[in-house]
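Structure at a glance
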Amino acid sequence: MVCVLIATVLVLSVVVFQFSKNIRNALQLETVETLKNVAEQNAYTIEREIEAMQDLLIGTSLELGEYLLEDKQKGIEVLTPLVEVHQFKRMAVADASGAVYSTDYEQMNLASHDNFRRSMAGEVVVTSAITDVVDHDDMINVISVPIYEESSDVVQGVLFSVYSTEYVQDIFDSDLFDGRGYSALINSNGEYIVNAKQSPGYGKKNVLTALSQASENNADAVKQMRTNMRFGLSGSIYVDYAGARYIYYTPVTLRNNIESWYVITVVPEVVLASRLDSVMYQADMLALMLLLVTVIAGSLYIIVYRNSKKQLKRLAYVDPLTESDNVEAFKVKMLRLREYPGYVVYMDIKDFKIVNNTCGVEKGDQVICEVAKKIAQLLRDKELVARVSGDDFVVFLRETNDASLLLRVEDIENCMKEISEELSIPRIAAYFGIYPTTHQESVEEAIGHAKRANQFAKQRSDQLYRFYNAKDYEDLQKNKQIEDAFEPGIQNHEFEIWYQPKYGANAQSMDGAEALVRWRKKDGTVVSPGDFIPLFEKNGMISILDEYVFEEVCKQQKRWQDEGMRIVPVSVNISRASLYYLDIVERYMNILNKYQLDIQYIQLEITESAMEDNDQMKALIQCFRVAGFKLLLDDFGNGYSSLATLNMAQFDELKLDKGLIDHIGDDRGEKLLYFIIALARSLGLYITAEGVETKEQFRFLQKMKCNTIQGYYFSKPLPKQNYGSLLAG
Ligand code: C2E
Ligand code: MG
Ligand code: MG
């Protein structure tokens, strides 16, 4: 921001500088233009005045010339009124000898004077400013015209009119540039005809010489002016002439004057400077004000900006509840601790909801603040704590090994105990996800790993902490992939039904089969249910899969039947997770009706663990039974067995788990089986043995009067086609 302000001031300065430069140039041009105008105006006025005087003199000479010469006394009397009217200093008449009679009765001889001689030669002459021979203090200009003999061109004498140079000076605009500029009349040689009193060259004869003498620097300007004047051109020069001055020269075109004259108009540069000063003063004031406004506005902006930035920073990095660091602050600070290896610990308070629910949210907030405070007190140099959200905190501890880290975690656990006592709340504890970091990964990743470890810690009951384990994470990833692939898998019919035949123990003929799902991935690999069923049971997708399998089996059974094959009942597995859906019976019945399959050809296997003491499930199973399904109690004896389950009236058939069959061969195992089978039979249950792999197992089961055998001994689960061929016989 400060940079922006400096840049603005700089730009402004450049603008002001450029602005004043432009003004100076404009004023310079304007000055020269004014000079030109004044000079031209003056030249015009001079032309008119002098020509008027010449005309008057010529007219008088023609009318009265001879008379004037004849009687000089009377002639002068005639001229006197003209002198007054035209503000001449005097008029005079000279005869051919140069003897002069003037209106002020001065007598002199001008025979040797140049203007007399030239007028005697027939010229109308206007002289330069010359010293008055009568009045030596005064400078005069004289116009002289020839007096001709009547009706001939013989000159008899000369008629003069003399006027004070001051009179011509008055013609010039004396108010030029507040009186500091002036005009003068010169001839093309640079000699003054009329000079102004303000002129540094007043009293000197030649302006060009005066200029040349004033400064060596004027040489070029003088040369240019002299050349231009020789060709009757006008122009301007800038010279050092008692200070810097602008001079404009323009020709005066006089009738009857064989000499060419120029009006020069001069203005000292100080005039320009003073005019410039006043304009520049205003410009400077304006610039100053602009600058002031910019600086004030900029400063205000900086103050407001800094404040709001502070505010924003607070919002961005401070947790509003605990007033300590939030996770963003943690991330930033962690970046500065890259050289220190340690542990990122993600903790959240176990069952914090209970605190909120039983003690109120206010108390809950108090607990969170205390936790933040107490952990902060436990921290050592270059260690951090931040609240992530809710009751989640992230801590960075600079320990070098797991054992010492766990001691620190214990300290935090003790804090929880203290807080529970101090605030009189139910005992609180926390879960800790621990990730050792050497800062190879990003802070976000480190926090993510610790958080994931924390989630795994929550899933365990034995420990409150868990170290990050890449495999946990990989499993999580894998599960995520499986979940994501499920829906498209169903749509693309990637789930195949395989059939494992069941054999009657005595007749050794196939009298049933179990439908077992397989997931054939796009790449052709076949995935076993053990790899995805447990996951789908957790996330609820299993109900979709079970229904899909049920429908596929119904459809296939019907098809085989329609093809004239002798089909046998096929049992499909229903996960207990599917039994959370109250409309399951109705849906299955609809499918059955849709394919018009006789209900005897489809049976349901429900695992033993599904028989938890859940009235809703029991009711659903009862509904299936009432609907006419044969129900098989699956996996009996696999660890969760309870003999009480056998007492459940809904089941038609008991499936002995492979775990029990595997014990055939050892005495205790065989005894157990003997009694289970005897008990089940006495309860009226039909018995199937699963996972029968050996002849020995088969023989034993046959002896035990087990009804049906399912296992690799007879057949592995078969793809649809193979099973179909088996049916076809
Ligand atoms: P389950 O219902 O107890 O099915 C029997 C399992 O034992 C099958 O494994 C079968 O291949 C295997 N098996 C059968 N005879 C032998 C044998 O002689 N030796 C050995 N080692 N294994 C044998 P599978 O197909 O891998 O299925 C595993 C479990 O996945 C099933 O156990 C069942 O609980 C579940 N499952 C399979 N298909 C579905 C389904 O469509 N829905 C649901 N909810 N669960 C299913
Ligand atoms: Mg089964
Ligand atoms: Mg089973």
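The model shown is predicted, which means the values in this text are computed figures rather than measured ones.

**Here's the deal with the sheet that holds strand β12 (residues 261–268)**
Taken together, the 5 strands give an open sheet; going across it, the order is β9-β8-β12-β11-β10, and neighbouring strands pair in antiparallel fashion. Looking at strand neighbours, the two that pair on one side only are β9 (192–194) and β10 (235–240), the edges of this open sheet. For this sheet, the mean angle separating the axes of adjacent strands, direction not counted, is 35°. Against the sheet, helix α5 (residues 207–214) touches β8 (182–187), β9, β10, β11 (244–252) and β12, its axis set at about 40° to β10.

**Digging into the environment of Ala 680**
Looking at the element boundaries, Ala 680 is found in helix α19 (residues 667–682). Under the relative-accessibility criterion, Ala 680 is labelled buried at 0%. Residues Ala 680 and Val 78, spaced 602 residues apart in sequence, show a C-alpha to C-alpha distance of 174 Å. Every residue in contact with Ala 680, bar those within four places of it in the chain, is listed here: Leu 654, Leu 685 and Ile 687.

**So, the packing of helix α10 (residues 361–378) against helix α11 (residues 402–422)**
With their axes 10 Å apart at the nearest point, α10 and α11 run at an angle of 140° to one another. Accordingly, the angle class assigned to the pair α10 and α11 is oblique. With respect to the hand of their crossing, α10 and α11 are arranged in right-handed fashion. Mapping the contact onto sequence places Val 367, Glu 370, Val 371, Lys 374, Ile 375 and Leu 378 in α10 and Arg 408, Asp 411, Ile 412, Cys 415, Met 416, Glu 418, Ile 419 and Glu 422 in α11. For the contact of α10 with α11, the class distribution of residues is 8 nonpolar, no polar and 6 charged.

**Some thoughts on the site of ligand 1**
The full set close to ligand 1 counts 23 residues, and Glu 514, Asp 546, Asp 634, Glu 693 and Tyr 712 are the nearest of them. In the model, an oxygen atom of ligand 1 is placed 3.0 Å from a nitrogen or oxygen of the Arg 518 side chain. Glu 693 is positioned such that a nitrogen or oxygen atom in its side chain is 2.6 Å from a nitrogen atom of ligand 1. Out of a free accessible area of 790 Å², ligand 1 has 82% covered by protein chains. Listing elements by their share of the shell around ligand 1, those giving two or more residues are β19 (510–520), α15 (542–562) and β23 (630–636). Among the residues making up the shell around ligand 1, the classes are represented as 9 nonpolar, 5 polar and 9 charged.

**Considerations on the sheet that holds strand β17 (residues 465–467)**
Reading across from one edge, β14-β15-β13-β16-β17 is the order of the 5 strands in this open sheet, with mixed pairing throughout. Each edge of the sheet is formed by a strand with only one pairing partner; in this case those strands are β14 (384–389) and β17. Averaged over all pairs of adjacent strands, the angle between strand axes in this sheet comes to 20°, irrespective of strand direction. Strand direction decides the pairing type here: β14 and strand β15 (residues 392–397), joined by 5 bridges, are antiparallel. Residue pairing in the sheet places Leu 384 in a bridge with Phe 396 of β15. Helix α12 (residues 443–459) rests against β13 (342–349), β15, β16 (430–437) and β17 of the sheet, and its axis sits at about 140° to β16.

**What to know about the coordination of the magnesium ion (ligand 2)**
Of the protein atoms, only Glu 514 (OE), Asn 573 (OD1), Glu 605 (OE) and Asp 634 (OD) coordinate the magnesium ion (ligand 2), at distances of 2.0 to 2.3 Å. The metal-metal distance between the magnesium ion (ligand 2) and the magnesium ion (ligand 3) is 3.9 Å, with Asp 634 coordinating both. A residue pair is termed long-range when its members are at least 10 positions apart, and Glu 514 in strand β19 and Asp 634 in strand β23 qualify at 120 residues. Here the two residues Glu 514 and Asp 634 agree in accessibility, since each one is buried.

About the criteria used
Residues numbered from 1 in each chain as written. Chains lettered and ligands numbered in written order. Predicted model: local features only at pLDDT ≥ 70, side-chain atom pairs only at ≥ 80, totals over all residues. Heavy atoms only, no water. Pairing = 2+ DSSP bridges. Helix = DSSP H or I, 4+ residues; strand = E, 2+ residues; numbered from the N terminus. Axes fitted to C-alpha atoms, helices over the stretch in contact; angles between N-to-C directions. Contact = heavy atoms within 4.5 Å. Buried < 20%, exposed > 50% of the residue type's maximum accessible area, 1.4 Å probe, protein only. Parallel < 35°, antiparallel > 145°, perpendicular 65-115°, else oblique. Left-handed = near helix turned anticlockwise from the far one by under 90°. Nonpolar A, V, L, I, M, F, W, Y, C, P; charged D, E, K, R; others polar. Near = heavy atom within 4 Å. Polar contact = N/O pair within 3.5 Å; in protein donor to acceptor, adjacent residues only side chain to side chain. Areas by Shrake-Rupley, 256 points an atom, 1.4 Å probe, with all protein chains shown as cover. Donors = N, O, S within 2.8 Å, 3.2 Å for Na, K, Ca; no water.

All quantities given are derived from atomic positions and should not be read as evidence of function.
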